[in-house]
Amino acid sequence: MRAITAGTSEAVRGERLILAAKAAVAASIAWFLAPYVPFAASEYSYYAPLGVLISMHPTVVGSARAGAQSLAGLGIGILLGLGALALVRVGVPAIVGIAAVIAIGIVLGGIPRLGAGRDWVAIAGLFVLLLGGRDADEFSLSYLMTTAFGVVIGILMNLIVIPPLFLGRASDQLTALRNAVSDVLRDIAEALENGEIDSEAFSESADRLASLLTQTKDEVRVAEESSRANPRSRGRSADRQLNARRLLALERTTRATIDLADMLVRARDEGPASDRAIAHSLADAARASADVVAAPAGDEQVGERLAAAGDALDRSVQQLGRLEAPAGAPAYSRAYAYAAAVSVRRIVDACHEFVHSAE
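Residues numbered from 1 in each chain as written. Predicted model: local features only at pLDDT ≥ 70, side-chain atom pairs only at ≥ 80, totals over all residues. Heavy atoms only, no water.

Caption draft 1: Spotlight on the overall build of the protein. Each helix and strand counted, the protein has 13 helices and 0 strands in total. Listing each helix as α and each strand as β along the protein from the N terminus yields α-α-α-α-α-α-α-α-α-α-α-α-α. Here the protein holds 359 residues, and the buried ones make up 44% of them. Residue pairs in contact within the protein that sit at least 24 positions apart in sequence constitute 83% of those at least 6 positions apart. (Helix = DSSP H or I, 4+ residues; strand = E, 2+ residues; numbered from the N terminus. Buried < 20%, exposed > 50% of the residue type's maximum accessible area, 1.4 Å probe, protein only. Contact = heavy atoms within 4.5 Å.)

Take a look at the structure:
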């Protein structure tokens, strides 16, 4: 039910509703004007709304790319269909022609550069073969021209009417990732202090962070794409740069936090820690790192938080060097502790580089 609810909320977001409204209006305009498209017969006007659907994409650049790729696929498919139709006219069984169009179309659809046009190769070829009939040439030209007209209408609609810009949405997603990482680091610090490492909970946290990182990278990529060829992105270069810097820092801190959680799980599963003091020495560093990660961009106190995290980590490493493993403790427990300290150092360094990259 949570998955269904989340999917429903995503489907009715404002950006999606605007895209749906623009697609509906563009399809209506394309269908109304399609009879006036040169070199195309009016009875094939219904392909114009299809062209709109092909080109409607959450970003302007995505619309242009999807439209161009689809038209390329259509063109190849039309040529394939005309070739198969020529074979049928000289006596080749129609069933053989259909099989050839489908097989060759699917093979050609494997060309990576066709992108969104991959599936249209076989579809267009089949349409020409089955629907072209005696007027295959007229049908093919009308099919391509009318669809291309719809693609152009769709791109123009996406460009002129509220061109989508997702910089704010990407920023919100970055903030969600930042908060998730800092929460996991605080959970790690608390677990180290209490000496209660929940392997299952830590594994789930690591998986959740990995999934959230992937989602955040996708959001930032879409936001960057949405700003290209978009008049609404003028004057927003600072926001784009900040999103890119935040993603770089958060990707490093997220991966380091995942490694830290994994390291503690392995240490917990393979044997007891060598000394409670090791855990306490790492807890302060992890909590201080959480405070640094949680600091928003431009926080005036981030310098103090960085210094506190660095000092806590230095004390932790120094204490680890002075500790002697108690009798019977596994030798690898100290190695795990040092590896955990390295993960924390990676978090602090990533935050440090993010802060100073703005100077």
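So that's the structure; there's more coming.
Caption draft 2: Summary view of unusual backbone geometry. The backbone phi angle of I162 is positive, close to 45 degrees, even though this residue is not glycine. Although it is not a glycine, A229 sits at a positive phi angle of roughly 55 degrees. The topology assignment puts A229 in the loop between α9 (199–226) and α10 (237–270).

Caption draft 3: Molecular detail of the packing of aromatic side chains. Per the stated rule, a full pass over the model turns up 7 aromatic pairs. Between the aromatic rings of Y44 and F139, the centroid separation amounts to 5.2 Å while the plane-to-plane angle is 80 degrees, which identifies the pairing as edge-to-face. Taken together, the residues span a long stretch of sequence, with Y44 in the loop between α2 (14–33) and α3 (47–55) and F139 in helix α7 (residues 136–160) at a distance of 95 residues. According to the relative accessible area criterion, Y44 is buried, its value standing at 14%. For the pair Y47 and F139, a centre-to-centre distance of 6.1 Å together with 75 degrees between the ring planes defines the contact as edge-to-face. Residue Y47 is located in helix α3, and its partner F139 is located in helix α7; the two are separated by 92 residues in the primary sequence. Take Y47 and F139: they sit in the same class, and that class is buried. A connected cluster of aromatic rings, assembled from ring pairs, spans Y44, Y46, Y47, F127, F139 and Y143. (Phe/Tyr/Trp six-rings, centres within 6.5 Å; stacked < 30°, edge-to-face > 60°.)

Caption draft 4: Up close: the environment of P163. By secondary structure assignment, the location of P163 is in the loop between α7 and α8 (167–194). Judged by its relative accessible area of 5%, P163 is buried. Here the alpha-carbon distance between P163 and S226, two residues 63 residues apart in the chain, equals 8.2 Å.

Caption draft 5: Structural detail: helix α5 (residues 94–108). Compared with the 21 Å implied by 1.5 Å per residue over 15 residues, the 21 Å span of α5 between its first and last C-alpha is a close match. Among the residues making up α5, those that are buried are G97, V101 and G105. End-on view of α5: buried residues confined to an arc of 55 degrees, all on one side of the axis. In α5, the exposed positions angled more than 90 degrees off the buried face are occupied by I95, I106 and V107. In this structure, the buried side of α5 is in contact with α4 (60–89) and α6 (118–131). (Expected span 1.5 Å × (residues − 1). Arc of directions from axis to C-beta.)

Caption draft 6: Expanded view of a nonpolar patch on the surface. Taken together, I18, V152, L156, L159, I160, V161 and I162 make up a surface patch of nonpolar side chains, about 560 Å² in accessible area. With respect to the element layout, I162 can be found in the loop between α7 and α8. Its relative accessible area of 46% is what places I162 among the partly exposed residues. (Patch = residues over 30% accessible without salt bridge, like charges linked within 9 Å, V, L, I, M, F, W, Y side chains within 5 Å. Areas by Shrake-Rupley, 256 points an atom, 1.4 Å probe, with all protein chains shown as cover. Salt bridge = Lys/Arg side-chain N within 4 Å of Asp/Glu carboxyl O.)

Caption draft 7: Representation of α9 in the model. Taking 1.5 Å of rise per residue, the 28 residues of α9 would be expected to cover 40 Å, and the 41 Å separating its terminal C-alpha atoms lies within 8% of that figure. Capping the start of α9, D198 holds a side-chain oxygen 3.2 Å from the backbone nitrogen of E200, two or three residues further along. (Polar contact = N/O pair within 3.5 Å; in protein donor to acceptor, adjacent residues only side chain to side chain.)

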